[in-house]
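The chain contents come next:
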Amino acid sequence: MNRIQKQFSERLNRGEKLFVPYIMAGDGGLGVLEERLTFLEQNGAAAIEIGIPFSDPVADGPTIQKAGIRSLKEGTTLKSTLIKIGEIRSSINVPLVIMTYMNPILAYGIDQFVVNMEKVGVDGCIIPDLPIEEEDILATKLEEAGIELIRLVTLVTPKERVEKIAKKGQGFLYTVTIKGITGIRNEFDKSLVNFLEMVKEVSNIPVVAGFGVSTAEQVKELSLNCDGVVVGSRIVDLFYENKLDEIAELMKAILIEEKVFRG
Ligand SMILES: O=P(O)(O)OC[C@@H](O)[C@@H](O)c1c[nH]c2ccccc12
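For clarity, every value in this text was computed on a predicted model and none was experimentally measured.

K.L.:
So what about the site of the ligand? Which residues, and what values?
P.N.:
Near the ligand lie 18 residues; those nearest to it are Asp 60, Tyr 174, Gly 212, Gly 232 and Ser 233. Side-chain polar atom of Tyr 174 to an oxygen atom of the ligand: 2.6 Å apart, as the coordinates give it. Contact distances for the ligand include 2.7 Å between an oxygen atom and a backbone N or O atom of Gly 212. In isolation the ligand exposes 440 Å². Once the protein is present, 99% of that is buried. Class assignment of the residues belonging to the shell around the ligand gives a composition of eleven nonpolar, five polar and two charged.

K.L.:
So what about the packing of helix α11 (residues 233–240) against helix α12 (residues 244–252)? Which residues, and what values?
P.N.:
It is the contact of α11 with α12, at a shortest axis distance of 8 Å, that shows an interaxial angle of 155 degrees. With respect to α12, the element α11 is oriented roughly antiparallel. The segment α11 lies against α12, with Arg 234, Ile 235, Leu 238 and Phe 239 engaging Leu 244, Glu 246, Ile 247 and Leu 250. The residue inventory of the contact of α11 with α12, partitioned by class, reads six nonpolar, no polar and two charged.

K.L.:
Lay out the UniProt feature "active site" (unreviewed entry) in the protein in plain terms, naming residues and giving numbers.
P.N.:
Listed under "active site" (unreviewed entry) in the UniProt record, and renumbered for this structure, are Glu 49 and Asp 60. Here Glu 49 is to be found in strand β2 (residues 48–51). Contacts of Glu 49, omitting those with residues within four sequence positions, involve Val 20, Pro 21, Tyr 22, Ile 23, Val 97, Met 99, Ile 126, Tyr 174 and Val 230. Along the chain, Asp 60 turns up in the loop between β2 and α3 (62–73).

K.L.:
Give a description of the pattern of salt bridges that names residues and reports values.
P.N.:
Per the stated rule, a full pass over the model turns up 17 salt bridges. Here Arg 3 makes a salt bridge to Asp 123, at a shortest N to O gap of 2.6 Å. With a gap of 120 residues between them, Arg 3 in helix α1 (residues 3–13) and Asp 123 in the loop between α6 (110–120) and β4 (124–126) connect regions that are remote in the sequence. Linked through salt bridges whose partners overlap, the residues forming this network are Arg 3, Arg 89 and Asp 123.

Calculation rules
Residues numbered from 1 in each chain as written. Predicted model: local features only at pLDDT ≥ 70, side-chain atom pairs only at ≥ 80, totals over all residues. Heavy atoms only, no water. Near = heavy atom within 4 Å. Polar contact = N/O pair within 3.5 Å; in protein donor to acceptor, adjacent residues only side chain to side chain. Areas by Shrake-Rupley, 256 points an atom, 1.4 Å probe, with all protein chains shown as cover. Nonpolar A, V, L, I, M, F, W, Y, C, P; charged D, E, K, R; others polar. Axes fitted to C-alpha atoms, helices over the stretch in contact; angles between N-to-C directions. Helix = DSSP H or I, 4+ residues; strand = E, 2+ residues; numbered from the N terminus. Parallel < 35°, antiparallel > 145°, perpendicular 65-115°, else oblique. Contact = heavy atoms within 4.5 Å. UniProt positions renumbered as here; feature names shortened; annotations may be inferred. Salt bridge = Lys/Arg side-chain N within 4 Å of Asp/Glu carboxyl O.

Below, the structure written as structure tokens:
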């Protein structure tokens, strides 16, 4: 069984919600990747999304765009990131999910991408510009390699499409909380709670909400209505500003059901 399915169900069965941080590989150099992954794991990450820098990240807001530029200046590539993951994988126990657009995959080679992700121990990948209608070029190869293709639904995805995507049943369902790109938001659309309830109803895989989350209150509020939360931009900023204590604080906010004391 894939690490994502195994570890996510263990956590959810313990009444824990899932905190999934995102970081940009190579931001600060690939030399800091291991210490950052270790830090996030030690602070309760259920899985960690590792972004690959790309020159045209259409779904990303300014924070992640800037992180990508810093990383590209360090010479980071999909290949060098996978090599680094291979070197450090044995020291990280939580699932690792590669977040990349299709272009770097095509440049690297689809077969190479799948074979080397499996080799270095990557558990899942998120490819925001690969709609389910076009995923056949990759989905079967990933499935054969035991790598979960994590699909996204958004606030404007109709219910029947949510059902179609959820039925693919891999990893977790990434529910985008806003209409737009990544980046910190002060408030969410009032339709969000109903949307999350609908997605939870139709999905038999964990539902993890992301985009715009940056405060403890938002983490708590969102995780009331789904299985977990993804935080990217805020964590990318805090690492860049070296404010590790604030990252730890934010991660502590994820809900853990009151431990029922069996007296
Ligand atoms: O940065 P935010 O608003 O916290 O959103 C998470 C997001 O960064 C991360 O999951 C991600 C980064 N780039 C993406 C592109 C598409 C989907 C998701 C992502």
